[in-house]
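The primary structure of each chain is shown beneath.
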Amino acid sequence: MKHHYDILIVGTGLYGSVFAHEAVKKGLSVLMLEKRTHAGGNIYTEERDGIIIHKYGAHIFHTSDKELWDYVNSLVPFHPFINSPIANYHGHIYNMPFNMNTFARMWDISTPEEARQIIRKQRGEIAGAPRNLEEQAISLVGRDIYETLVKGYTEKQWGRPCCELPPDIIRRIPVRFVYDNNYFSDRYQGIPEGGYTPLIEALTDGADILFSTDYLADRPRWDSLADMVLYTGCLDALFGYSEGRLQYRSEIFEEERLETEDFQGNAVVNYTDRETPWTRIIEHKHFDSAVSPVTWISREYPVDYEKTGEPFYPIGDERNKAIYAEYRAKAMKENGLVIGGRLADYAYYDMDKTVEAALAKARSVL
């Protein structure tokens, strides 16, 4: 560790790591601080029994931007992976995203026109502008799909009834009138060979990293060590919650090693009924077709942020948006402070958008 750095980066997630990579390429010295014991944020992976474990949920990199795809592949090779999750509703299996395989299973039909007619008729149940998430979902996909594949999962995810959730949480729901189980429509889709940890290691090569280190526990000291600070954490914490606390939903990941070669036959199975306490089960070996006599699964339980202290999904209602705007205004007034990433921006980003945003920020301030 040096006595002084050009840049201090708080957080070693994807955003901070991309920014660090660009800074090091310009010959700048970088110090990164990480509260956890590992780098990578929520895309961190580790190997067990020859299986790459996605510690904080499934992460599939997908983009239609060739420049972004070439950028990440220049660091580590990616292997192709098409995400084709399935939904389990009281033991009945449906394909996702909603496509002709889903509709054929649900309604015993075979043509796109039959599916369109059913959905069109059920959408008509909602007259006028949707007042809540339930009405919004029905206006998009109809009552049957909503009740079977949206309602229970969404209520578990957000911890409240759909009729009490704002409609803009679901702005659109992908509906495809073709027999295609590819969840994403992007041209490029894949996962780094060996998991995301090698990608983070490549991005942070040349930077100094301190783990188990809380920047906010001694902010003045850490700020004095660098000319610029990139902060990727929660803005309410940065300012001592002076304008109120931002709200999030969190996740608990229950891992289990099973003495079987294959538990569920797919990487991701969503449980869309309300009674099952978890939202999905991930079977990690299916992300890279690992060969092993055992398997590892993770059950995901959505919980209140207060239960874990780990923020995952921002609750972007009007109250929280107003609070966040106050914090962002404060941050903009601080000299030498740069903010970015899903927590600092109080937004949910796909990985390609995270890389894109970090590259844009690096180009503008470095």
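Relevant structure appears above.
Throughout, a residue's number is its position along its own chain's written sequence, starting from 1. Since the coordinates come from a predicted model, pLDDT governs what is reported: local features require at least 70, and pairs of side-chain atoms require 80 or more to be given and counted, while whole-chain, interface and lining totals use all residues. The side-chain figures draw on all heavy atoms in the structure; neither hydrogens nor water molecules are used.

Chemist: Just give me the short version of the packing of helix 3 (residues 100-107) against helix 6 (residues 143-158), but keep the residues and values in it.
Modeler: Comment: axis = line fitted to C-alpha atoms, over the contacting stretch for helices; angle = value between 0 and 180 degrees taken between N-to-C directions. Secondary structure elements are taken from DSSP: a helix is a run of H or I of four residues or more, a strand is a run of E of two residues or more, and numbering for both begins at the N terminus. Running from N to C, helix 3 and helix 6 point in directions that differ by 100 degrees, and their axes come no closer than 12 Å. In terms of axis orientation, helix 3 runs roughly perpendicular to helix 6. Facing Thr102, Phe103, Met106 and Trp107 of helix 3, the residues of helix 6 in contact are Asp144, Ile145, Thr148 and Leu149. Ten residues, namely Ala, Val, Leu, Ile, Met, Phe, Trp, Tyr, Cys and Pro, are considered nonpolar, four, namely Asp, Glu, Lys and Arg, are considered charged, and the remaining ones, Gly among them, are considered polar. When the residues that make up the contact of helix 3 with helix 6 are grouped by side-chain class, the tally is five nonpolar, two polar and one charged. Oblique is the label for any angle not under 35 degrees, not over 145, and not in the 65 to 115 range, which are roughly parallel, roughly antiparallel and roughly perpendicular in turn. Every residue pair with non-hydrogen atoms within 4.5 Å of one another is taken to be in contact.

Chemist: Account for helix 2 (residues 66-73), with residues named and values stated.
Modeler: Among the residues of helix 2, Leu68, Trp69, Tyr71 and Val72 are the ones counted as buried. Projection of helix 2 onto a plane perpendicular to its axis shows the buried side chains occupying an angular sector of 160 degrees, all on one side. Against helix 1 (14-25), strand 5 (61-63), strand 6 (78-80), strand 9 (188-192), helix 7 (196-203) and helix 12 (351-365) lie the buried residues of helix 2. Throughout this description, a polar contact denotes any pair of N or O atoms lying within 3.5 Å of each other; where both atoms belong to protein, one of them has to be capable of donating a hydrogen while the other can accept it, and for residues adjacent in sequence the pair is counted only when both atoms sit in side chains. Two or three places before glutamate 67, at the opening of helix 2, aspartate 65 has a side-chain oxygen 2.9 Å from that residue's backbone nitrogen. For the exposure calls, accessible area comes from a 1.4 Å probe over protein chains only, and a residue counts as buried if that area is under 20% of its type's maximum, exposed if over 50%, partly exposed in between. What the arc measures is the spread of directions leading from the helix axis to the C-beta atoms.

Chemist: Give me empty space enclosed by the protein: which residues, what numbers.
Modeler: Cavities and pockets were defined on a 1 Å grid built over protein atoms only: a cavity is a set of grid points that admits a 1.4 Å probe from which the probe cannot escape, a pocket is an open set flanked by protein on both sides within 12 Å along at least five of seven lines, and lining residues are those with an atom within 4 Å of any such point. Grid points are joined across faces, edges and corners, and a volume is the space filled by probe spheres set on the points. Under the criterion given, the structure shown has one cavity of 30 Å³ or more. Approximately 30 Å³ is the volume found for the largest cavity. Forming the boundary of the largest cavity are Tyr248, Phe312, Pro314, Arg342, Leu343, Tyr346, Ala347 and Tyr348. Looking at side-chain class alone, the lining of the largest cavity contains seven nonpolar, no polar and one charged residues.

Chemist: Provide a residue-level description of the sheet that holds strand 9, including the pertinent values.
Modeler: DSSP bridges decide pairing: two strands pair if at least two such bridges lie between them. Pairing is antiparallel across the open sheet formed by three strands, whose spatial order is 5-9-6. Of all the strands in the sheet, just strand 5 and strand 6 have a single pairing partner and so form its edges. For this sheet, the mean inter-axis angle between neighbouring strands, taken without regard to orientation, is 40 degrees. Bridging between strand 5 and strand 9 involves three bridges; their strand directions are antiparallel. Bridging from a neighbouring strand, threonine 63 pairs with tyrosine 188 of strand 9. In the packing of helix 7 onto the sheet, contacts are made with strand 5, strand 6 and strand 9, and the angle to strand 9 comes to roughly 85 degrees.

Chemist: Tell me about the sheet that holds strand 17 (residues 337-339), residues and numbers included.
Modeler: Spatially, five strands are ordered 10-2-1-11-17 in an open sheet, and the strand pairing comes out parallel. Two strands close off the open sheet at either side, each with one partner strand: strand 10 (208-210) and strand 17. Averaged over all neighbouring strand pairs, the angle between strand axes comes to 20 degrees, with direction disregarded. Examined bridge by bridge, strand 1 (residues 5-10) and strand 2 (residues 30-33) share four bridges and lie parallel to one another. Residue pairing in the sheet places valine 10 in a bridge with leucine 33 of strand 2. Its contacts with the sheet place helix 1 against strand 1, strand 2, strand 11 (226-231) and strand 17, and it is angled at close to 165 degrees to strand 2.

Chemist: Go over the environment of glycine 40, please, and point to the residues and values.
Modeler: Its place among the elements puts glycine 40 in the loop between strand 2 and strand 3 (45-48). Spatially, the C-alpha atoms of glycine 40 and threonine 12 are 5.4 Å apart, while their sequence positions differ by 28 residues. Non-local contacts of glycine 40, meaning those with residues more than four positions away in its chain, are made with Thr12, Gly13, Leu14 and Ile200.

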